[in-house]
Every structure is written in structure tokens, then in C-alpha cells.
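Understanding the architecture of this molecule
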Amino acid sequence: MRKIFSRPESLRNAVTHYCPGCGHGIAHRLVAEVIDTLGLREKVIGVAPVGCAVVAYDYWNFDCCEAAHGRALAVATAIKRCRPDRTVFTYQGDGDLAAIGTNETIHAANRGENLTVIFVNNAIYGMTGGQMAPTTLLGQVTSTTPLGRQADLQGYPLKISELLAALPGVKYVERRGLFSPQEIIRAKAAIHLAFDNQLKKNGFSLVELLSPCPTYWGMSPVAAMDWIKDTMVKEFPLGRIK
Amino acid sequence: MFSAFDLADNYRMPAMILGDGMLGQVMEPLRVRVPSGAAAKKYAKAALLASKPWALTGCAGRKPNVVKSFYLKDGDLEEFNLRLQKKYSLVRAKETRYEGMMLKDADLVLVAYGTMARICAAVVRQLRSEGKKAGLIRPVTLWPFPAEAFLPSVSPARAYLVAEMSYGQMLEDVKLALNGRARVNFIGRAGGGFPREEAIAAEARKL
């Protein structure tokens, strides 16, 4: 019998701690598949964020490092500069990358570090209990915006990918969603390109993935996928940004 | 200063080099002694960077390495803490450093580090010239704190004066090390001021 589907070697046989319907499982797998395809498993070093995905290293089957909250790109910079022949990537949520780590993110991007960033945006703080994130949509109800985010009180959703795209050191930025098989295939292609860029020493590449958080959005997993497709993409349009 | 880097590398933990307002502002000539011959070989051996089987280099030919301090499973974090405690004990046993000056016959011992230690060394010489049996303990490492310098067999004095450019950051360490067996006084200033020789000597004469 011909085997047509199996677990990537870069993914461990483990039960994840993620909530039902969470997007991290999909995103982890896409990263693992791309690393396998490019033959990088033994040459890659991943940097995990603080947030729900902090234990990503328990699910991936390659070298990984933890970073202090938001500092993944600073840590990745050091690893890459010490080992320029290895492939180094960060995997960060919106709280990690676009809130507490904004400083490190912008400066690593502006230095044009030859790194790959997988940026998982679910417009909320998942690990800490569903608080408003910089990426939370206007009107979105969170535990800290019970009346919905209001621009005059909490400002606007931060489009960090568009911000980063303005920097000359940044070579590639693309935003995809994890809400349909078709979009997931596009997301994988974007992740592939982002790793390929690093192998070709093109410089800083970032892929933003709009990802569901059914638990803190207060939705069923299916409704959460629909919410990305119908609502979230209006604020965070899909496609190549740079 | 040099050894701080090797220590951090060997024990895989941060080594903090403490400065102070004076050290930050002054310059003085420094002769860098580069070891040669046998001394160089000895140093190279001592400073040989610890092997790093934990390093993140890509997992070719081995199981993946993960550098982390976060453990979710019950008991794992405690086990990690116990491992760290073992390491701290080893550091305490092997890396505690201090300099003792004229302790054997001293009745009165000054305790100081950094800029204050140099000032206190001058005070000790001044007091000795007056016939007073003074000594100095200069902790080189503040952690691990050199409690053994305060053992009666090393420093039998019954009176101590802690001098600091602070309001007493080391004072409690000294008191703990002496554990009530000697009198401990303190002199200190902060915010850029530092106790002068005369002030320290006057304070010491009271003891």
C-alpha cells in the first residue's frame, strides 16, 4: 500500500496542550512540513515565544530555544550570527511580537537580520485569559474590553506587518489565514518562501498567519474560522504585503 | 573581570560585574599581563571553554536540544530547581573569593569592596601606623559571599566596620557571617558621596 499522508519528521508524536479548534496545531505542522521539504531538520534552530506556543519545542523535533517574552528576535539574532550556516526562525504570537516585543521586532527587521518569522495573529492574548492585544479589532469583546475595543480608549488594531514592510531591511512580508484548506495551502507556500529567502541570504522575512482562538473569542471552532474569513480579513487583508 | 567571562561560560549562568559611581568616572593606567610559556598553557587549560553538549547547533546525529527554563508538568520544575541548587552549591564551594589584609592579629577589621576597599586599605595602614591592630576583608565575590573570611580561625577580631557607597547593601551579609559573635558597625553614603579616610578612621577608633 502506498503511504500518502504521515506525520512530518519535524513534528513529534505528542498530544498538544492547545484548546480544541486552536490554530497553533495547523501552524506548527506547516512549519514542520516546510522544514522537512527543505531538508532543514538537522540544521534548523527555532525560537519559541512566551504565550500559548511557548512549548512549541515539545511538539517540534529539532533544536529550539526559549526566549524571554517578546525577545525571540533578539535571541534569534544572536543564534544566527553565531551560526550563520544554520537556519534560524522565530514563532511568535501577536502579544509576543507586536506588544511586549515590538522594540526587538522592529530593530531586528530594520537591521535586516537574515531570519524567518512566523507571526501567529489571533487578535487576543490567549495564554493569560483573553485580554485585549494590540491587534484586537475595533468592537471586539475581550476580558479587558467588555464593551468592545474602542478607538478613543484603546487605539487602533496594530498592523505590524505593514509597519515592518516599510523598513528597507525587510525583504518579504505576507499575510495568510488558517481558515480554509485553500488558505492553508497558501500559508504553507508563504512559509516555504520565507525559509527559502533565508537560505538564499535575502534577509528578513515574515509570514503573518491569522489564526483562530475559539476559547477566548467565545465561539465554536467552526464559527471562529468563519470570523477570520468574514471579519478579521477586513482589518488584516490577506496577500503579499512586500 | 576577565574570569567573570570564563565563570559565566563554565557554569552556564550570568556573572555580574559590579561597578560603582567612582569606578564609572575615573581612569587609571592598567598593565595587562599577558601570560606566556607555562603560565599561558596553564591559563589556557583553566579557561578552556566548557564542553557544550546542550548547544543549539542543529540536531544532526543527536536528539534535539532545547534551551529552556519553563516546565509545565508537575514536578519537572521542582526537579529543575534542585538541579540549579546543586550548581549554586558547587559555585559556593569553588568560586568564593576574597582578599584578607592583616587579619591574624587584628582587633578591628574593616569590610569593604570596590572603591571603598581601596580607601579602607589606606585607613588600615593609617591605623596601623597609630599602633592600632586593624585589618581588612575585601570580598571579591559578593555572591557567593565569602563567609569563611569571618571564621574566628581566619579573622579572630571582635569588632568590624562595614564601609559602603550605599546605605548598607552588604551589611546584612557580614552580620549573618559573624552570627552575633562580634560587634558590627556601619559607615556609608550614597548618591555619589563616599566616606572619606578621616571619617572611616574616626568611626573605626570608636570600636
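These numbers were taken from a predicted model, which means no experiment stands behind them. (Residues numbered from 1 in each chain as written. Chains lettered and ligands numbered in written order. Predicted model: local features only at pLDDT ≥ 70, side-chain atom pairs only at ≥ 80, totals over all residues.)

Okay, the overall build of chain B next. Each helix and strand in chain B was counted, giving seven helices and six strands. Traced from its N-terminal end to its C-terminal end, chain B shows the element sequence α-α-α-β-α-β-β-α-β-β-α-β-α. Relative to its length of 207 residues, chain B is extended, with a C-alpha radius of gyration of 21 Å against a globular reference of 17 Å. Taken along the three principal axes of its C-alpha coordinates, chain B extends 70 × 50 × 35 Å. (Helix = DSSP H or I, 4+ residues; strand = E, 2+ residues; numbered from the N terminus. Rg over C-alpha atoms; globule rule 2.2 N^0.38 Å.)

All names here are of chain B. At their nearest, the axes of helix H5 (residues 115-129) and helix H7 (residues 197-206) sit 9 Å apart, and the two run at 55 degrees to each other. Relative to H7, the element H5 is oriented oblique. Crossing hand, H5 versus H7: right-handed. Touching Ile119, Cys120, Ala122, Val123, Gln126 and Leu127 of H5 are Glu197, Ile200, Ala201 and Ala204, all from H7. Per-class residue counts for the contact of H5 with H7 are eight nonpolar, one polar and one charged. (Axes fitted to C-alpha atoms, helices over the stretch in contact; angles between N-to-C directions. Parallel < 35°, antiparallel > 145°, perpendicular 65-115°, else oblique. Left-handed = near helix turned anticlockwise from the far one by under 90°. Contact = placed C-beta atoms within 7 Å. Nonpolar A, V, L, I, M, F, W, Y, C, P; charged D, E, K, R; others polar.)

On to unusual backbone geometry. Each neighbour pair has its own omega, and for B:Trp143 with B:Pro144 the value is -5 degrees, a cis peptide bond. Of note in this structure, A:Ala123 is not a glycine but carries a positive phi near 60 degrees. Looking at the secondary structure, you find A:Ala123 in the loop between strand S4 (116-121) and helix H5 (151-154). The phi torsion at A:Lys201 lies on the positive side, around 55 degrees, for a residue other than glycine.

The subject of this paragraph is the environment of B:Val162. Residue and element names in this part refer to chain B. For Val162, the position within the fold is in strand S5 (residues 159-164). Among the residues examined, Val162 registers 25 C-beta atoms within 10 Å and is labelled buried. Taking the C-alpha atoms as reference points, Val162 and Tyr113, 49 residues apart in sequence, are found 9.6 Å from one another. Apart from residues no more than four positions distant in its own chain, Val162 is found in contact with Val111, Met170, Leu171, Val174, Val184 and Phe186. (Buried ≥ 20, exposed ≤ 12 C-beta atoms within 10 Å, placed from the backbone.)

This brings us to the confidence of the model for chain B. Per-residue pLDDT for chain B averages 92, and the proportion of residues at 70 or more is 97%. Interface confidence in the predicted complex, given as ipTM, is 0.92; pTM for the same model is 0.89. (pLDDT = per-residue confidence, 0-100.)

With that settled, consider helix H7 (residues 181-199) of chain A. Residues and elements named next belong to chain A. Relative to the 27 Å expected for 19 residues at 1.5 Å per residue, H7 spans 27 Å between its end C-alpha atoms, a close match to the ideal helical length. Listed as buried for H7 are Ala187, Lys188, Ala190, Ile191, Ala194, Phe195 and Gln198. Seen end-on, H7 carries its buried residues on one side only, within an arc spanning 160 degrees. Along H7, the residues that are exposed and aim more than 90 degrees away from the buried face are Gln182 and Ile185. Of the surrounding secondary structure, the elements contacted by the buried residues of H7 are helix H1 (24-37), strand S3 (87-93), S4, strand S5 (170-177) and strand S6 (204-210). (Expected span 1.5 Å × (residues − 1). Arc of directions from axis to C-beta.)

What follows deals with the sheet that holds S6(A). Strands sit in the order S7(A)-S5(A)-S6(A)-S4(A)-S3(A)-S1(A)-S2(A)-S1(B) across an open sheet of eight strands; the sheet is mixed. Each of the sheet's edge strands pairs with one partner strand only, and the pair in question is strand S7 (239-240) of chain A together with strand S1 (66-67) of chain B. Sheet topology places S5(A) next to S6(A); seven bridges connect them, and they run parallel. Each bridged residue has a counterpart across the sheet, and for A:Val170 the counterpart in S6(A) is A:Phe204. Contacts from H7(A) reach S3, S4, S5 and S6 of chain A within the one sheet, and its direction differs from that of S5(A) by about 165 degrees. (Pairing = 2+ DSSP bridges.)

Let's shift gears to the packing of H1(A) against H7(A). All names here are of chain A. Viewed as axis vectors pointing N to C, H1 and H7 meet at an angle of 50 degrees, and their least axial separation amounts to 9 Å. Considering the angle they form, H1 stands oblique to H7. For the pair H1 and H7, the sense of crossing is right-handed. Facing Ile26, Leu30, Val31, Glu33, Val34 and Thr37 of H1, the residues of H7 in contact are Ile184, Ala187, Lys188, Ile191, His192 and Phe195.

All names here are of chain A. One finds Val31, Ala56, Cys64, Ile118, Ile191 and Leu209 to be the most contacted residues of the largest nonpolar core, which totals 78 residues. Of all the elements, H1 adds the most residues to this core, at six residues. Ignoring any residue separated from it by four or fewer positions in sequence, one finds Ile118 in contact with Ala27, Val31, Phe89, Tyr91, Ile191, Val207 and Leu209. (Core = buried A, V, L, I, M, F, W, Y, C linked by C-beta atoms within 7 Å.)

What follows concerns the sheet that holds strand S6 (residues 183-188) of chain B. Strand-to-strand pairing in sheets goes through backbone hydrogen bonds, with the strands running parallel or antiparallel. All names here are of chain B. Here we have five strands laid out as an open sheet, ordered S2-S4-S3-S5-S6, and mixed in their pairing. Each end of this open sheet is capped by a strand with a single partner; those strands are strand S2 (98-101) and S6. Each strand axis lies, on average, 20 degrees off the axis of its neighbour in the sheet, ignoring direction. Alignment of strand S3 (residues 108-111) against strand S4 (residues 134-139), held across four bridges, turns out to be parallel. Along S4, the bridge assignment pairs Leu110 with Leu136. Along the sheet face, H5 touches S2, S3, S4 and S5 and points at about 165 degrees away from the line of S4.

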